[in-house]
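Now for the letters of each chain:
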Amino acid sequence: MEQQAHFEAVLAADERIEPRDWMPEKYRATLIRQIAQHAHSEIIGMQPEGAWLTRAPSLRRKAILLAKVQDEAGHGMYLYSAAETLGVDRADLLDRLHTGTQKYSTIFNYPTLTWADVGVIGWLVDGAAIVNQVPLCRCSYGPYARAMIRICKEESFHQRQGFEMLLALRDGTDAQREMLQDAVNRWWWPSLMMFGPPDAASTNSAQSMAWRIKRHSNDELRQRFVDMTAPQADVLGVKLPDEKLRWNAERNSYDFGEIDWDEFARVVKGDGPCNAERIERRVAAHTEGAWVREAALAYAKKQAAKVDAA
Ligand code: FAQ
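Before going into details, it helps to say that this report is about the structure given with it. Being a predicted model, the structure only gives us computed values, none of them experimental.

Another aspect to go through is the overall build of the protein. In terms of helices and strands, the protein carries 13 helices and 2 strands. Computed over its C-alpha atoms, the radius of gyration of the protein comes to 21 Å, within 12% of the 19 Å expected for a compact globule of 310 residues. Taken across its 310 residues, the protein has 48% of its residues classed as buried. If you take every contact in the protein between residues at least 6 apart in sequence, the share linking residues at least 24 apart comes to 77%. Between the centroid of the 39 positive side chains of the protein and the centroid of its 43 negative side chains there is a distance of 4 Å.

Below is the structure:
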């Protein structure tokens with residue numbers, strides 16, 4: 001009772017729960033679920049853009065893209081470390097990703113067909129990630145909140161590099177502008193799905209908000225993203241593929257059309273355009289990297305033995 005009261009007092013004071021603190025088992029399980037899914041999304045998210053590293057149109061673009069893809073790996077590392085403070089093992093989490101018992105974001109199951117897709121991912125996908133993740137910097141669990149502060153700083157660079165790349169396409173040839181519009185047509189709706197199911201169907205939101213893991217509902221953040229992005233589309237000279245998108249002066253927000261939730265459900269269940277390919281590639285990378293993990297562990301053991309001997 002005393003521990004529960006302490007937990008609730010920390011939440012009420014908007015302070016942070018730390019790994020050493022007592023916490024309800026369901027709070028721990030919810031955090032493990034969300035942080036692990038988030039970590040998996042970061043490392044699976046390296047694949048769609050990574051596919052363009054060998055085809056970047058200039059050395060400058062290649063250097064920027066390399067930095068971005070490496071950042072995503074780093075985000076995965078911060079997040080797996082944050083999850084480990086809750087008593088789980090990174091190897092087990094990766095196992096769960098590889099066997100399909102833990103999810104990752106639907107957005108990374110769509111293909112990157114042209115170079116414009118790389119810019120649109122920066123603009124829309126990293127843009128949506130920022131809207132979703134800035135509030136997570138104030139999440140009630142300390143290690144997750146602190147990881148998010150670093151991640152958000154890097155996401156903001158990612159978003160800008162994407163937008164800057166798209167400005168170059170806007171100012172390019174007709175064919176480049178067409179390529180830009182085509183990429184926007186394909187990525188707009190999946191980006192809106194990143195925020196999760198509508199509030200009425202969101203099974204975890206109410207409890208996660210009460211625990212101050214989430215600060216806003218899925219629909220609130222989705223609306224915030226649409227309001228932020230629609231004027232940016234005008235700057236880029238592209239049309240967002242939604243006939244119902246229009247400014248609503250009464251609500252002081254954009255109205256927008258209905259998301260295809262059947263498509264969302266299919267992609268979550270593993271039946272998206274690239275689900276099988278993404279997991280196959282991930283498992284292959286993991287298997288091929290076994291010797292690196294073995295070598296790193298052997299080195300760490302040797303160093304520890306040296307310290308013991310001293
Ligand atoms: N995809 O009850 P809710 C990035 C699942 S990182 C797949 O509303 P919750 C950076 C959900 O897990 C992108 N599954 O769930 C980058 C739950 O199933 P479960 C990842 C989804 O947790 C950029 C069920 O539906 N970001 O982009 C999705 O309260 C470029 C019911 O949903 C994060 O993970 C989905 N889109 O809210 C990297 C942020 N949405 O687990 C590379 C942290 C929902 O009960 C390149 N996560 N589901 O079986 C969150 O903020 C939350 O977990 C939500 C979902 C908002 C995603």
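Okay, the state of the cysteines next. This model, assessed by the stated rule, comprises 0 disulfides. Distance from the sulfur of Cys139, which forms no disulfide, to the nearest cysteine sulfur (Cys137) is 9.7 Å. Cys139 gets classed as buried once you look at its relative accessible area, which sits at 0%.

Moving on to the packing of helix α4 (residues 59-84) against helix α7 (residues 142-170). For any two helices packed against each other, the geometry comes down to the angle between their axes and how far apart the axes lie. Remark: α4 packs on α7, axes separated minimally by 10 Å, with the N-to-C direction vectors making an angle of 160°. Taken together, the axis directions place α4 and α7 in an arrangement best described as roughly antiparallel. As α4 packs across α7, the resulting crossing turns out to be left-handed. Taken together, the residues that form the contact of α4 with α7 break down as 12 nonpolar, 3 polar and 9 charged.

Moving on: the pattern of salt bridges. Scanning the model with the defined rule gives 19 salt bridges in all. Taking the shortest distance from any N to any O, the salt bridge between Glu72 and Lys68 comes out at 2.9 Å. One end of the pair, Glu72, and the other, Lys68, are both in helix α4, 4 residues apart, so they sit about a helical turn from each other. Assigned by exposure class, Glu72 and Lys68 land together as buried. Here the salt bridges share partners, and the residues they tie into one network are Asp14, Arg16, Arg212 and Arg215.

Reading the values: rules and limits
Residues numbered from 1 in each chain as written. Predicted model: local features only at pLDDT ≥ 70, side-chain atom pairs only at ≥ 80, totals over all residues. Heavy atoms only, no water. Helix = DSSP H or I, 4+ residues; strand = E, 2+ residues; numbered from the N terminus. Rg over C-alpha atoms; globule rule 2.2 N^0.38 Å. Buried < 20%, exposed > 50% of the residue type's maximum accessible area, 1.4 Å probe, protein only. Contact = heavy atoms within 4.5 Å. Lys, Arg positive; Asp, Glu negative; His and termini not counted. Charge placed at Lys NZ, Arg CZ, Asp CG, Glu CD. Disulfide = S-S within 2.5 Å. Axes fitted to C-alpha atoms, helices over the stretch in contact; angles between N-to-C directions. Parallel < 35°, antiparallel > 145°, perpendicular 65-115°, else oblique. Left-handed = near helix turned anticlockwise from the far one by under 90°. Nonpolar A, V, L, I, M, F, W, Y, C, P; charged D, E, K, R; others polar. Salt bridge = Lys/Arg side-chain N within 4 Å of Asp/Glu carboxyl O.

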